[in-house]
Amino acid sequence: MADEKAPSYEQAREELTEVVRRLETGGLTLEQSIELWERGEKLAAVCEEWLQGARVKLAAAMARRSEPNTSDDAPF
């Protein structure tokens, strides 16, 4: 995935869902199962990275919201 553009959270989640479905269905060779597992691990890491970024943004927004407004040009 080094040369590829990282998928969006939604794309990674959808592909991860498909990987899990295929693994649960079975009928794959050991090699195919391992390849799917590895792809699933990469996709899970992408999802976790997106979610961590969202947590950071949310925490920053909440911190700004709870800060007292010290600006002189505040409308209220």
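Structural data are supplied above this passage.
Residues numbered from 1 in each chain as written. Predicted model: local features only at pLDDT ≥ 70, side-chain atom pairs only at ≥ 80, totals over all residues. Heavy atoms only, no water.

Colleague: So what exactly am I meant to see when it comes to the pattern of salt bridges here?
Modeller: Oppositely charged side chains are able to pair whenever their charged atoms sit close together. All chains considered together, the criterion is met by 4 salt bridges. The residue Arg39 makes a salt bridge to Glu15 at a minimum N-O spacing of 2.9 Å. Of this pair, Arg39 sits in helix H2 (residues 30-66) while Glu15 sits in helix H1 (residues 9-25), placing them 24 residues apart in sequence. Take Arg39: its relative accessible area is 22%, and that puts it in the partly exposed class. By relative accessible area, which is 33% here, Glu15 ends up partly exposed. (Salt bridge = Lys/Arg side-chain N within 4 Å of Asp/Glu carboxyl O. Helix = DSSP H or I, 4+ residues; strand = E, 2+ residues; numbered from the N terminus. Buried < 20%, exposed > 50% of the residue type's maximum accessible area, 1.4 Å probe, protein only.)

Colleague: I keep staring at a negative patch on the surface and nothing clicks. Help me out?
Modeller: On the surface, Glu31, Glu35, Glu38 and Glu41 cluster together into a patch of negative charge. Relative to the assigned elements, Glu38 resides in helix H2. (Patch = residues over 30% accessible without salt bridge, like charges linked within 9 Å, V, L, I, M, F, W, Y side chains within 5 Å. Areas by Shrake-Rupley, 256 points an atom, 1.4 Å probe, with all protein chains shown as cover. Lys, Arg positive; Asp, Glu negative; His and termini not counted. Charge placed at Lys NZ, Arg CZ, Asp CG, Glu CD.)

Colleague: Mind showing me how you'd approach the nonpolar core here?
Modeller: Nonpolar side chains in soluble globular proteins tend to end up buried together. Counting residues in each nonpolar core, the largest one holds 6 residues, listed as Ala12, Val19, Leu36, Leu43, Val46 and Cys47. Listed by contribution, the elements that provide at least two residues to this core are H1 and H2. Per-element accounting of this core gives the leading share, 4 residues, to H2. Once residues within four sequence positions are removed from consideration, Val19 is found in contact with Leu36, Arg39, Gly40 and Leu43. (Core = buried A, V, L, I, M, F, W, Y, C linked by side-chain atoms within 4.5 Å. Contact = heavy atoms within 4.5 Å.)

Colleague: I keep staring at the packing of H1 against H2 and nothing clicks. Help me out?
Modeller: For any two helices packed against each other, the geometry is given by the interaxial angle and the distance between the axes. For the pair H1 and H2, the least separation of the axes is 9 Å and the interaxial angle reads 150 degrees. Between H1 and H2, the crossing angle belongs to the class labelled roughly antiparallel. In the crossing of H1 with H2, the sense of the turn from one axis to the other is left-handed. On H2, the residues touching Tyr9, Ala12, Arg13, Glu15, Leu16, Val19, Arg22 and Leu23 of H1 are Ser33, Leu36, Trp37, Arg39, Gly40, Leu43, Ala44, Val46, Cys47, Trp50 and Leu51. Classifying every residue of the contact of H1 with H2 by side-chain character gives 13 nonpolar, 2 polar and 4 charged. (Axes fitted to C-alpha atoms, helices over the stretch in contact; angles between N-to-C directions. Parallel < 35°, antiparallel > 145°, perpendicular 65-115°, else oblique. Left-handed = near helix turned anticlockwise from the far one by under 90°. Nonpolar A, V, L, I, M, F, W, Y, C, P; charged D, E, K, R; others polar.)

All quantities given are derived from atomic positions and should not be read as evidence of function.
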